[in-house]
Amino acid sequence: MIIVEGIEQLLLNVLFVIVFLLFIPILVEVNAQRLSKIRKNWIVIISASLAIISCISFPITIMDGYIFDLRLVVLTVAGLYGGVSTSILLAAVTIFYRFLVGGTGVHATLIVVIILLFCIILLTDYFGKSSRKNKIILGSSLSLFAALLAIVNSTLLFGAPFSYSFLLIFLTLTYCTTAITIYLYEVFQESLLIKKRLIKAEKMDIVSHLASSVSHEVRNPLTVIKGFLQMMEQNDIPEEQRKKFLKISIEEVDRANDIIRNYLTFAKPSPENKRNLNVKEELERTIQIITPLANMNGVEIVTKLKNYFIEGETQVFQQCLLNITKNCIEAMPDRGRLYIETKKENGELIVVISDNGKGMTKEQVSRLGEPYFTTKGREGTGLGMMAAINIIETMRGKLSVSSTVNEGTNFYIRLPIVEECS
């Protein structure tokens, strides 16, 4: 019966070790960006201290005032990972709380903890540089050594009685708990490191694509400008032709500027000169700009606009609307209808921009806004849609898209209303 009760208490100790040494530190690592390094270290120390206190509070009583638990597992693992200062603090917590509990075993705890602390301090640097396998072996062996030391110390100096079955269970659980805890923590750290490397690799890949795209797109108008400037150097060119070349060169400079601005908007799309914008006026201005393109494609523009006010920057918001409406028109090369509507729903403004063009598959819709993803083939870079999504997000809004192949696409821009005018 004593052995059964002892197993229950030890298994409860194992639960404390898992919760306080694995679960809480993992939560800290997941939210590491929100926490400073000092605060993160203190959370881990407090968590380990709670594990030690919990283990001592639910022990196996060997004899009056003499208890056994898995506090040495916590001290070993947390000390090896935390370093010298953490080890000293946790050792102090162990000794102090054991003194509060009282009993004959207090002095035995003092001896074992001091020896274990000395071993941890000697092995911390080596442990930090070791492989996962060596960490498991080293940590488990040190924990087992501390448990054996506690048993020998208790038997020889304080005459504590132990059954063989208890010794087997206690030593096995001590070794296995330490090994499993270190293994799981190392696996988590490794997966976290791999994730960070993948994110970094993705960022570098995006940068590579963006640099290549900028180089390619900006070089085209620059080549045109250079060609016309070289032609203008010739003396026999008529003045009218020279003015035409100059006009085209200026247009190409503007095109290069638009390309660069698209990239800058993607990199840092936060509006700098925010003010209240009348969405109806902004959309009417957008329609004026895109009407020539719509006429070229035989696209009819239908609107249903009301006066709603939002906060933003005219130039940036215009770019967002132009990118989306231009995509809609280009999706209808053989005539179609572009529908634009504003309405209020649940206290939010909804701008609906729809076309009845080619449409997109579910996979294509899910990839909208990804770097370098476009449905236009070589004619597009995907940056326009990416910039539009980023602009909407910086305005505390949200863009949702629904589309059906060969039926059309609907864009829903949701933005907070700051003022309403009838």
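Rules used in this analysis
What you see as residue numbers is a count from 1 along each chain, following the sequence as written. A pLDDT threshold of at least 70 governs which residues receive local features in this predicted model, and a stricter bar of 80 or more applies before side-chain atom pairs are shown or counted, although totals over entire chains, interfaces and linings include all residues. To obtain the side-chain values, all non-hydrogen atoms of the structure were included, while hydrogens and water were left out. Elements are defined by DSSP. Helices are runs of H or I of four residues or more, strands are runs of E of two residues or more, and each kind is numbered from the N terminus. Between the first and last residue of a helix there are one fewer steps than residues, each counted as 1.5 Å, and that sum is the expected span. Any residue under 20% of the maximum accessible area for its type is buried, any over 50% is exposed, and the rest in between are partly exposed; the area is computed with a 1.4 Å probe on protein chains only. At least two bridges found by DSSP between two strands are what make those strands a pair. The distinction between a cavity and a pocket rests on a 1 Å grid over the protein atoms alone: a 1.4 Å probe fits inside a cavity but cannot get out, while a pocket stays open yet meets protein on both sides within 12 Å along at least five of seven lines, and a residue with an atom within 4 Å of a point counts as lining. Grid points are joined across faces, edges and corners, and a volume is the space filled by probe spheres set on the points. As a working rule, the residues Ala, Val, Leu, Ile, Met, Phe, Trp, Tyr, Cys and Pro are called nonpolar, Asp, Glu, Lys and Arg charged, and the rest polar, with Gly in that last group. Criterion for a salt bridge: a side-chain nitrogen of Lys or Arg within 4 Å of a carboxyl oxygen of Asp or Glu. Contact between two residues is taken to exist if any of their heavy atoms lie within 4.5 Å; hydrogens are not considered. Within 6.5 Å between ring centres, the rings of Phe, Tyr and Trp (the latter by its six-membered ring) count as paired, and their orientation is classed by plane angle as stacked under 30 degrees, edge-to-face over 60, tilted in between.

Draft legend 1. Spotlight on helix α10 (residues 314-330). In this model, α10 (17 residues) spans 24 Å end to end at C-alpha, consistent with the 24 Å of a helix rising 1.5 Å per residue. Along α10, the residues that are buried comprise V316, F317, Q318, Q319, C320, L321, N323, I324, T325, C328 and I329.

Draft legend 2. Representation of the pairing of strand β5 (residues 308-312) within the structure. Buried residues dominate β5, accounting for 4 of its 5 residues. Examined bridge by bridge, strand β3 (residues 275-278) and β5 share 4 bridges and lie antiparallel to one another. Across the sheet, the residue bridging to N278 is F309, located in β5.

Draft legend 3. Here's a closer look at the layout of surface pockets. A volume near 540 Å³ is recorded for the second largest pocket. Considering the residues around the second largest pocket, the lining is formed by 23 residues, among which V44, A78, Y81, G82 and Y185 are closest to the centre. Elements with a contribution of two residues or more to the lining of the second largest pocket: α1 (2-30), α2 (37-57), α3 (71-82), α4 (84-101), α5 (105-129) and α7 (164-232). Broken down by element, the residue count for the lining of the second largest pocket peaks at 6 residues, all from α2. Here the lining of the second largest pocket is built from residues that sort into 11 nonpolar, 7 polar and 5 charged.

Draft legend 4. Expanded view of the pattern of salt bridges. Enumeration according to the criterion identifies 8 salt bridges in this entry. Between E282 and R285 there is a salt bridge; the shortest N-O distance is 3.2 Å. With E282 and R285 both in helix α9 (residues 279-296), this residue pair falls 3 residues apart, about one helical turn. For R285, a relative accessible area of 35% translates into the label partly exposed. Measuring nitrogen to oxygen at the nearest pair gives 3.8 Å for the salt bridge that ties R414 to E348. Linking R414 in strand β9 (residues 408-416) with E348 in strand β7 (residues 348-355), this pair joins segments that are 66 residues apart in sequence. Judged by relative accessible area, R414 falls into the partly exposed class, the value being 27%. Because the salt bridges share partners, they merge into one network encompassing E345, E348 and R414.

Draft legend 5. Region of interest: the side chain of T76. Secondary-structure assignment places T76 in helix α3. Look past the residues within four positions of T76 in its chain and what remains in contact with it is L116, I120, G139, L142 and S143.

Draft legend 6. Just the packing of aromatic side chains, in detail. Within this structure, the stated rule accounts for 6 aromatic pairs. Ring centres 5.6 Å apart and planes at 45 degrees place the aromatic pair F16 and F58 in the tilted group. Residue F16 is found in helix α1, and its partner F58 is found in the loop between α2 and β1 (60-63); the two are separated by 42 residues along the sequence. Where F166 meets F170, the ring centres are 5.7 Å apart and the plane angle is 10 degrees; that geometry is what we call stacked. Remark: F170 and F166 occur in helix α7; sequence separation between them is 4 residues, near one turn of the helix. Relative accessible area serves as the criterion here: at 9%, F166 is assigned to the buried category. Relative accessible area serves as the criterion here: at 2%, F170 is assigned to the buried category. Among the aromatic residues, those joined into a cluster by ring pairs are F68, F166 and F170.

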